[in-house]
Amino acid sequence: MSSQETKKYPSVLLQNRHPDRIATLDEYRRSGGYEGLTALLGAGNPKQAQQVLLDANLLGRGGAAFPAGKKMMTIAENAPFPRYVVCNADEMEPGTFKDRVLIFADPHQLIEGIVIAGYAARASHGIIFIRPEYEQAARIMEREIEVARSEGLVGRNILQSGYDMEIVVHRSGGRYICGEATAQINALMGVRPNPKQPPPYPTTKGLWQRPTVVQNVETLCCMPHILRNGAQWFGSLALTENGAGTKVFCVSGRVERPGCYELPMGVPLKEIVEVHAGGIKNGGRFKACLPGGASTAFVPARLYDIPMDYESLKQEGFRLGTAAVMVFDHSDCLVDATVNLLDFFARESCGWCTPCRDGLPYIRDLMKRVEAGRGSTETIEKIETMCRHMWSAYCAFAPGAVSPVQGLMAEFKDEVMAHVEQGGCPFK
Amino acid sequence: MIPEPTLSHLKDRIAAADHPRELVVDVMFALQEHYGYLSDEAVETTGALLGMSPLQVEELATFYTFLYREPVGRYVIHLCDSVICWLDGAESLRDHLCRKLKIEMGRTTPDGLFTLLPVCCIGYCDRSPAMLVNRKVYGPLTPEKVDELLEKLKQESE
Amino acid sequence: MPKLIIDDISVAVPEGTKVIEAAEQVGIHIPRFCYHPALGSVGACRVCAVKFLQGPFKGVQMSCMIEAADGMVVSTTDPEAVDFRRHVIEWLMINHPHDCPVCDEGGHCLLQDMTVSGGHGMRRYQGKKRTYLDQDLGPLVQHEMNRCIQCYRCSRFYQEYAGYRDLGVMGIASRVYYGRFGPGTLKSPFSGNLIDICPTGVYTDRPSRYKGRRWDYERTPSVCIHCCLGCRITVNVRYREVVRIEARYSPTVNGHFICDRGRYGFFYASSDRRPRKARSGGAETRPKNARDEAAHRLEEITARHGSGSVAVVGGSRSTLETLAAERRICRQLGWQGPSLFTGTEESAAARRAAGHLTTDLAVSLEALKNADLILVAGADPINEAPMAALAIRQAARNGAHIEVIDPRPVTLPLEYVHRPAGTDKISEILRGLGKPSTEDASGDIQDLAARLDQSRRPVVVCGAGKIASERTVEQAARLARNLRRAGKKAGLFFVMTGANTFAACRMAGDPADLETLLLMIEDGKVRALVVVEADPMSEYPDLARLVDALAKLDLMVVLDCIDTETARAAHVFFPTQTFFETGGTLINNEARIQQARPAFAGGTPISQTGGGSHPPRVFRDDIPGTEALSAGQLLMDIVSALSGGISRSVEEFDGVAPEFSGFDPVEATGERGTWAKLPLRTAAGPDSPQMGGETPIKKGELLLVESVYGTEALSRSSPWLQELESEPALTLHPEDASRWGLQHGDRCELSTEAGALTVPVHTSRSTAPGTLVLPRHRRLRWQVFQHFRSGLDTVRIRKTGGEGA
Ligand SMILES: Cc1cc2nc3c(=O)[nH]c(=O)nc-3n(C[C@H](O)[C@H](O)[C@H](O)COP(=O)(O)O)c2cc1C
Ligand code: SF4
Ligand code: SF4
Ligand code: SF4
Ligand code: FES
Ligand code: FES
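Residues numbered from 1 in each chain as written. Chains lettered and ligands numbered in written order. Predicted model: local features only at pLDDT ≥ 70, side-chain atom pairs only at ≥ 80, totals over all residues. Heavy atoms only, no water.

1. Some thoughts on helix H7 (residues 135-150) of chain A
All names here are of chain A. Helix length check: H7 (16 residues) gives 23 Å between terminal C-alpha atoms against 22 Å at 1.5 Å per residue, within 8%. Among all positions of H7, only Glu-135, Ala-137, Ala-138, Ile-140, Met-141, Glu-144, Ile-145 and Ala-148 are buried. Where H7 is buried, its residues meet helix H5 (98-105), helix H6 (107-121), strand S2 (125-130) and strand S3 (166-171). At the C-terminal side of H7, Gly-152 shows a positive phi close to 75°. (Helix = DSSP H or I, 4+ residues; strand = E, 2+ residues; numbered from the N terminus. Expected span 1.5 Å × (residues − 1). Buried < 20%, exposed > 50% of the residue type's maximum accessible area, 1.4 Å probe, protein only. Contact = heavy atoms within 4.5 Å.)

In structure tokens, the structure reads:
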């Protein structure tokens, strides 16, 4: 974190981050914490909050990049109560660990974000859905919620405004699919966490059939700052025209300094890797990265300069996902890496729909054959066809699962074919 | 039998909940804590506490990674095998652990001390290769660090 | 009505119709696994994919998940969609064991059909197959999990549709497993439907295991005769043996499903204990001899004592044809009866119910699902008419409020309010509710009254027979009628005692019931009985009195297809054909006329005549075991041999009863499922005269009740269902129990002057205080209590087992 170059960008979400401890409520307050909420509860109204979130162009940081303000606005004026805000702290996308870092850095930032989202959605209950691996983070949140409560920031009559909101922590039993919003709602209701295809959308009929807003930790953490500093300020944080805000990038893999870096939206990929993460380890060459977790496609070296924001990647046919940048160097076999990714997806499929449940193990089997040098052009065609069909699965899991495979086939066909032609892995 | 304080604490929480079923994972975890794993009895008790049938509890118990329906060792080692840890040698670490503990993945040492399970990315890719022991994270790991840790845990248990 | 084009055919369908259903309307059957019309769409299997070319959706989409909309152009044959479906099937088959040659589903397996029609003919997958261990699910359903294609139909049916919680889905990813928490008998009385809905061979019919292929069977549409609802079934016969019953779709009665009593109650039809020979004085004789003897002795008796000295006793498991023959004979020959009910009260209640059912009030089982409030009064659906419980559950799932007023510990697989009221209180409560102004309703039913007031489609489900009194029936009908007058789409649904009780109400003569007839036997007026498909000795509540009375008879002729106690006591006995062999007409509780064709010609099954070898080694030109005739025909044959006797076809109904003149069962019911109803009054006439109040129960009451297994005359001999019976027990309120020092789990002796029996004690807070409930179970000698509802002043209760006994 102490590298000189990082200083040239403002630190927003991670401004109170310490290497060895958690920011206290006082520290958070000193940095302007709870000012946004105070102002909102004092002179604002829910509609206003929704509007400013929309104007700020705050896109969901959990992977789907849906505008947060727009999501809130889909709740009908006369929709029933109680309404819920679910803070998605499941973070099971491989390569992603920003939510953990955000909680450890500054838990009150998240609490304030949840209360703001709650107020905007006129919700009375906030639930933090957290993966079991993050038990320590769960305890931090529970403790800090109590601190906030004792300060009148959570619970009944928040800041004497008449607004009530309770926040609880819900521990997951641990499954990737629980991160998917509708599956998460099922998990919270104590039924099998299979996704549920809309309509109805969670904002119409979510948790306990009531309007529910599911929002990622980082998305929620942005909200206090937007309310305090305004939509325009948030937009100006980005380096690109279409971007807004900062982004917490989780960099891992073949880099010198893996970790979380809060950088402006639109920062070039190369800068993230070469400057902030200290460059490729052991003098290696950048070969590719998964830009946003395991369910995105490999970005090849030819796009090393690409600005990392939702729009720029989309234009090249990629997705920013969770902005978990997983870096591979010249010595890594991407076919082998893809087999590993498929292992993950085949294991974590929720088992609801056929393409994903049975098709992914099939593709994995084929991919393993290719990796072992037992594939043929026909095998590769089969893989490609099945990957295409995976987009007709029930939820976004399966398209995500085949994204790296499709990326591999699109950008690294030579490497794949080398396996076929040499009858084995050229990297071994 | 579950100790009375645990049970009454659970009962209180259930009574206070708007929707008792939302606590099902918590209840399973609490009973797993007590039994060491989620025994048949624990499944049945969970059902009885929440007005669910044992099957309905089982439907959930068998879905989640961190609910163990079979006995496990005192230390449950979840070794991450997802892509970043894999890049950083998770496979050789796995082989090392298996050799060291003389068990295959998915098994428990005969002394009942260690259970070895794979797990997908645990969100510590900045500390790869990483693993959890009783949900506490360790990483970045080397075979030496693993040996040290195993030794320490063995001693702790004596 | 959205209009769309599917494969160049344009079709308009009602709002809300899914594309998969719309396609069906133009004869295009889109493949499906998870979709089932009763269970709805969930989009899990992905095999129903079609290509949307124009309209609000584009590309390959699931036809079960998308509602038809204007402007849609859909192609089911688009190469992309076809290729996707082919892949789905290939994926589903990667773990399939390919054991069709030994799979009982083979030949009627949706997966087989889809695999072939989907073009997946070559196995390409080279990986290993995942395998599972199976579970023992009890005597009805066989489990073979390796064949599963994870369509989730079973778990959805079992838990969501039927409301039972012991079968579901476990595990995750490609290891999902459908079954129970542990091996053990399925608890749902609707478990057999798993067999029908599973698109592959995971659940197959256990009793018929390895008996044949679907195409080997003689398959005939028929009607279930194990309760009053008359669910539609398909009978499967092979080698003169009824081997399997399946649910048959009926849009108005049972929908897609049937209950396990109806599915597995057929054992009697092919049992090796089925009587195949006529008997005289207990010894087998030739049919003609028996007929001559019966005719001769009846002749003698009428000659000596007059025609009124002969009576016909029948029952509600007979067809309309047989009941009509009984009625015609009694009327023309001046015989007594036919007495078609057991007791006076039962007959009065049933006949009042039949009289009150008007065309505007009568609701079908299917329509029951659309009610927004269901009031169950004096009925216990699961035990008396199981499929009614399933229909009520669907109403509840659609948001209906369900309330039960019954003294029994009624359990339904759904959420409901139970008001345990004594049998004498039910009519009072209904009367309170039926008052035009709900202000009159007494305090504790205010709430229900208010709900009724707000409801738009309320239905009163009322018992009509042994438990619910005539007054209860009367008040239920009044309530329904008042609700209708208040502008609601109110309905009335009676739960009757037998398959053809409604017909019995119209066909019963004088006396209508056995209880009254017994008086005539006792004073010597009636000297001969012709008992047709009825078994008073197992069904009359006062056995001692019955036995004494029967002993006074000069002659008892019994016609039946099962070897009952009564049959064994007969002077002359005739075996009759079962409903499977005769076919015939039944009128269900809604007055719906349903006709079944004969499913087979009868005869002793080859499995019994072959002595284990097949084909049989002895060649003969007749079919063994076919002496039996239909009861109605037999009756006609006997009386035609009497001097002055009549000879008419049993299919003629002229002059039998007013609403049946010109009635032709085949025409009335149509050829293809357009079931007509019995002519009813079109609307309520003037209210019938007010009846007096109930006789209040003094010291409490013992009720002899029906249970889902073990009480109904035909199904109770099924060995498979017998395995499911729980030990019959006395159920009472715990506070009542303590009056006799009883606790749950104790044993107690119940005795009257006529005898005693010992049963386990169950306590239940949902039993009405003062009410003791005992099933009329085949394993209990319950006919010591004299009445189906008897005052506790005549019953002694003594603890015989348990703590402190
Ligand atoms: C398979 C799958 C896994 C997901 N996992 C997560 C997750 O772990 N955390 C998360 O915030 N969103 C996850 N999402 C995205 C959520 O469905 C949802 O879009 C998000 O939580 C909404 O919050 P946001 O708009 O603030 O991003 C996942 C989506 C899919 C399809
Ligand atoms: S794609 Fe299907 S099986 Fe995979 S996670 Fe989504 S719903 Fe489950
Ligand atoms: S057992 Fe049958 S009904 Fe159930 S999921 Fe498997 S294939 Fe479908
Ligand atoms: S509900 Fe009645 S008619 Fe229907 S299947 Fe069951 S026993 Fe037969
Ligand atoms: S890949 Fe191992 S912790 Fe993320
Ligand atoms: S039938 Fe449409 S997805 Fe299964």
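Further notes follow.
2. What to know about the domain arrangement of chain C
Residue and element names in this part refer to chain C. As assigned here, chain C comprises domain 1 (3-92), domain 2 (124-270), domain 3 (278-340 + 508-577 + 628-669), domain 4 (356-497) and domain 5 (701-801). Distance from the C-alpha centre of domain 4 to the C-alpha centre of domain 5: 26 Å. Each partner contributes residues to the interface: domain 4 has 15 residues there, and domain 5 has 19 residues. Surface buried jointly by domain 4 and domain 5 totals about 1,400 Å² across both partners, of which 60% is contributed by carbon and sulfur atoms. Remark: the boundary between domain 4 and domain 5 carries zero salt bridges. Remark: the boundary between domain 4 and domain 5 carries five residue pairs in polar contact (both at pLDDT 80 or more). Ranked by the residues each element gives to the side of domain 4 that touches domain 5, the list is headed by helix H12 (residues 381-384), at three residues. Of the residues that constitute the side of domain 4 that touches domain 5, the class distribution is seven nonpolar, five polar and three charged. (Domains from an automatic or database assignment. Buried area = accessible area lost by both parts, 1.4 Å probe. Salt bridge = Lys/Arg side-chain N within 4 Å of Asp/Glu carboxyl O. Polar contact = N/O pair within 3.5 Å; in protein donor to acceptor, adjacent residues only side chain to side chain. Nonpolar A, V, L, I, M, F, W, Y, C, P; charged D, E, K, R; others polar.)

3. Quick word on the sheet that holds strand S1 (residues 3-6) of chain C
Residues and elements named next belong to chain C. Sheet architecture is open: five strands sit in the order S2-S1-S5-S3-S4, paired in mixed fashion. Only two strands of the sheet have a single partner each, and these edge strands are strand S2 (9-12) and strand S4 (59-62). The sheet shows a mean angle of 35° between the axes of neighbouring strands, taken without regard to direction. Strand direction decides the pairing type here: strand S3 (residues 49-54) and S4, joined by four bridges, are antiparallel. Following the sheet pairing, Ala-49 is matched in S4 by Met-62. (Pairing = 2+ DSSP bridges. Axes fitted to C-alpha atoms, helices over the stretch in contact; angles between N-to-C directions.)

4. Topic: the pattern of salt bridges
All names here are of chain A. Tallying each qualifying case throughout the model produces 82 salt bridges over all chains. Measuring nitrogen to oxygen at the nearest pair gives 2.5 Å for the salt bridge that ties Glu-411 to Arg-302. One end of the pair, Glu-411, is in helix H15 (residues 397-411); the other, Arg-302, is in the loop between strand S9 (299-300) and strand S10 (307-308), with 109 residues separating them in the sequence. Using a relative accessible area of 26% as the deciding quantity, one classes Glu-411 as partly exposed. Note on Arg-302: relative accessible area 55%, which makes it exposed. Salt bridges here are not isolated pairs; linked through shared partners, they connect Arg-61, Lys-98, Asp-99, Glu-218 and Lys-247.

5. Side note on the nonpolar core
Ranked by internal contacts, the top residues of the largest apolar core, which has 365 residues, are Leu360(A), Leu4(C), Phe33(C), Tyr203(C), Leu229(C), Phe493(C) and Phe580(C). Residues in contact with Phe493(C), not counting those within four places in the same chain, are Leu229(C), Val363(C), Ser364(C), Leu365(C), Leu368(C), Ala388(C), Val459(C), Val460(C), Val461(C), Cys462(C) and Asn589(C). Ranked by size, the runner-up nonpolar core spans 31 residues in total, among them Phe249(A), Tyr261(A), Tyr304(A) and Val327(A). (Core = buried A, V, L, I, M, F, W, Y, C linked by side-chain atoms within 4.5 Å.)

6. Side note on unusual backbone geometry
Between Phe81(A) and Pro82(A) the backbone carries a cis peptide bond, its omega angle lying at -10°. Take Pro82(A): it is sitting in the loop between helix H4 (68-73) and strand S1 (84-89). Note that the residue after Gly337(C), namely Pro338(C), is joined by a cis bond; omega there is 0°. For Pro338(C), the position within the fold is in strand S16 (residues 336-339). In this model, Arg122(A) sits at a positive phi of 55°, which is unusual for a non-glycine residue. Following the sequence through the fold, Arg122(A) ends up in the loop between H6 and S2. Under the relative-accessibility criterion, Arg122(A) is labelled partly exposed at 36%.

7. Notes on helix H16 (residues 413-422) of chain A
Residues and elements named next belong to chain A. Among all positions in H16, only Glu-415, Val-416, Met-417, Ala-418, His-419 and Val-420 are buried. Of the surrounding secondary structure, the elements contacted by the buried residues of H16 are strand S8 (286-290), helix H12 (334-348), helix H13 (354-371), helix H14 (377-389) and H15. Trailing H16 by a residue or two, Gly-423 shows a phi angle of about 65°, which is positive.

8. Considering the site of ligand 4
All names here are of chain C. In the vicinity of ligand 4, the contacting residues are Cys-224, His-226, Cys-227, Leu-229, Gly-230, Cys-231, Ile-258, Cys-259, Arg-261, Gly-262, Pro-386 and Met-387. At the level of secondary structure, the elements contributing two or more residues to the shell around ligand 4 comprise helix H6 (260-264) and helix H13 (386-397). Among the residues making up the shell around ligand 4, the classes are represented as eight nonpolar, three polar and one charged. (Near = heavy atom within 4 Å.)

9. Some words on the pairing of S8(A)
Residues and elements named next belong to chain A. Counting buried residues along S8, five of its five residues qualify, which places the element largely inside the surrounding structure. With four bridges joining them, S8 and strand S11 (residues 324-329) adopt antiparallel strand pairing. In the sheet register, Ala-288 faces S11, and the bridge partner there is Phe-328. As paired strands, S8 and S9 are joined by two bridges and run antiparallel to one another. Bridged to Ala-288 within S9 is Pro-300.

10. Considerations on the interface of chain A and chain C
With 29 residues of chain A at the contact, the number on the chain C side is 34 residues. For the pair chain A and chain C, the two sides together bury roughly 2,500 Å², of which 57% comes from carbon and sulfur. The largest contributions to the chain A side of the interface with chain C come from Trp352(A), Tyr362(A) and His389(A), which together make up 24% of the buried area. The interface formed by chain A and chain C contains zero salt bridges. Where chain A meets chain C, there are 13 residue pairs in polar contact (both at pLDDT 80 or more). Those elements that provide at least two residues to the side of chain A that touches chain C are H12, H13 and H14 of chain A. Sorting elements by how many residues they give to the side of chain A that touches chain C places H13(A) first, with nine residues. Of the residues assigned to the side of chain A that touches chain C, the class counts are 11 nonpolar, nine polar and nine charged.

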